[in-house]
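Residues per chain, in single letters:
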Amino acid sequence: MDKYGDWLIMAIAGVLVSIWLYGAFYRWLHAPATMNKVKLGKGGAIAEDDEHVQLLERNGYRVVSGKHVIPIPVELDDAPLGKGTRIFIDYIAEMDHLTYIVKTARERMPMDWTASGLRDRLLIYALLLPDCAGVLYVDPKGNLIRKITFDIAD
């Protein structure tokens, strides 16, 4: 009897380990190939007298970091194209345990408030940081904060 009891325990342990390994392999196999998410560092310093930060804080947001620069190497015909390019995130803000990417208004680059205009200017941020709840567009001159979200099917 002792011999069969040991066998049964080893068989059950083997089945459980096999199920766990199968689940891990299945998740790895079905994860998107471009699952490399950008991890932001601390970001730049936040100036207390910055009008963007003050507008966000007056509206209940908490600015958690300043400017982030994300370098992106670019290749053309398998050769590096200069130093590549960069994407700038002005601030990262939080409200109600949700994280938002903040872009500030620029006079020389007015926003086109159409679906295609928002896609062209802001979709890259939603794709770059999919865990964020959306993009906040801050215009202190107009005393305006607009929240833009993209519903991208998984």
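Let us look at the structure shown here. Small disclaimer: the values here were computed from a predicted structure and weren't measured.

### Thoughts on the overall build of the protein
Phase 1 of the analysis: Each helix and strand counted, the protein has three helices and nine strands in total.
Phase 2 of the analysis: A compact globule built from 154 residues should have a C-alpha radius of gyration of about 15 Å, whereas the protein, at 24 Å, is more than 25% larger.
Phase 3 of the analysis: C-alpha atoms of the protein, sized along the principal axes, occupy 85 × 45 × 30 Å.
Phase 4 of the analysis: Within the span of the protein, comprising 154 residues, buried residues form 23% of the whole.

### Some details on the pattern of salt bridges
Phase 1 of the analysis: Overall, the coordinates contain six salt bridges when judged by the stated rule.
Phase 2 of the analysis: When the shortest N-O distance is used, the salt bridge between R62 and E94 registers 2.5 Å. Taken together, the residues R62 in strand β1 (residues 62–65) and E94 in strand β6 (residues 91–95) connect sequence positions 32 residues apart.
Phase 3 of the analysis: Among the ionic pairs, K67 bridges to D90, the shortest N-O distance being 3.3 Å.

### Some words on the environment of Y61
Phase 1 of the analysis: With respect to the helices and strands, Y61 occurs in the loop between α2 (51–58) and β1.
Phase 2 of the analysis: On the basis of relative accessible area, Y61 is assigned to the buried category, the value being 12%.
Phase 3 of the analysis: Distance from Y61 to G134, taken between C-alpha atoms, is 13 Å for residues 73 residues apart in sequence.
Phase 4 of the analysis: Those residues in contact with Y61 that sit more than four places away from it in its chain are L56, A93, E94, M95, Y100, L136 and I145.

### Quick look at the sheet that holds strand β9 (residues 144–148)
Phase 1 of the analysis: The strand order β1-β6-β7-β8-β9 describes an open sheet built from five strands, whose pairing is mixed. The open sheet is flanked by β1 and β9, the only strands paired with a single partner. With direction set aside, neighbouring strand axes in the sheet form an average angle of 35°.
Phase 2 of the analysis: The sheet strands contacting α2 are β1, β6, β7 (98–104), β8 (134–139) and β9, and the helix crosses β8 at an angle near 115°.
Phase 3 of the analysis: Lying on the sheet, helix α3 (residues 115–128) is in contact with β7, β8 and β9; it crosses β7 at an angle near 135°.

What counts and how
Residues numbered from 1 in each chain as written. Predicted model: local features only at pLDDT ≥ 70, side-chain atom pairs only at ≥ 80, totals over all residues. Heavy atoms only, no water. Helix = DSSP H or I, 4+ residues; strand = E, 2+ residues; numbered from the N terminus. Rg over C-alpha atoms; globule rule 2.2 N^0.38 Å. Buried < 20%, exposed > 50% of the residue type's maximum accessible area, 1.4 Å probe, protein only. Salt bridge = Lys/Arg side-chain N within 4 Å of Asp/Glu carboxyl O. Contact = heavy atoms within 4.5 Å. Pairing = 2+ DSSP bridges. Axes fitted to C-alpha atoms, helices over the stretch in contact; angles between N-to-C directions.

Nothing here speaks to function; it is geometry throughout.
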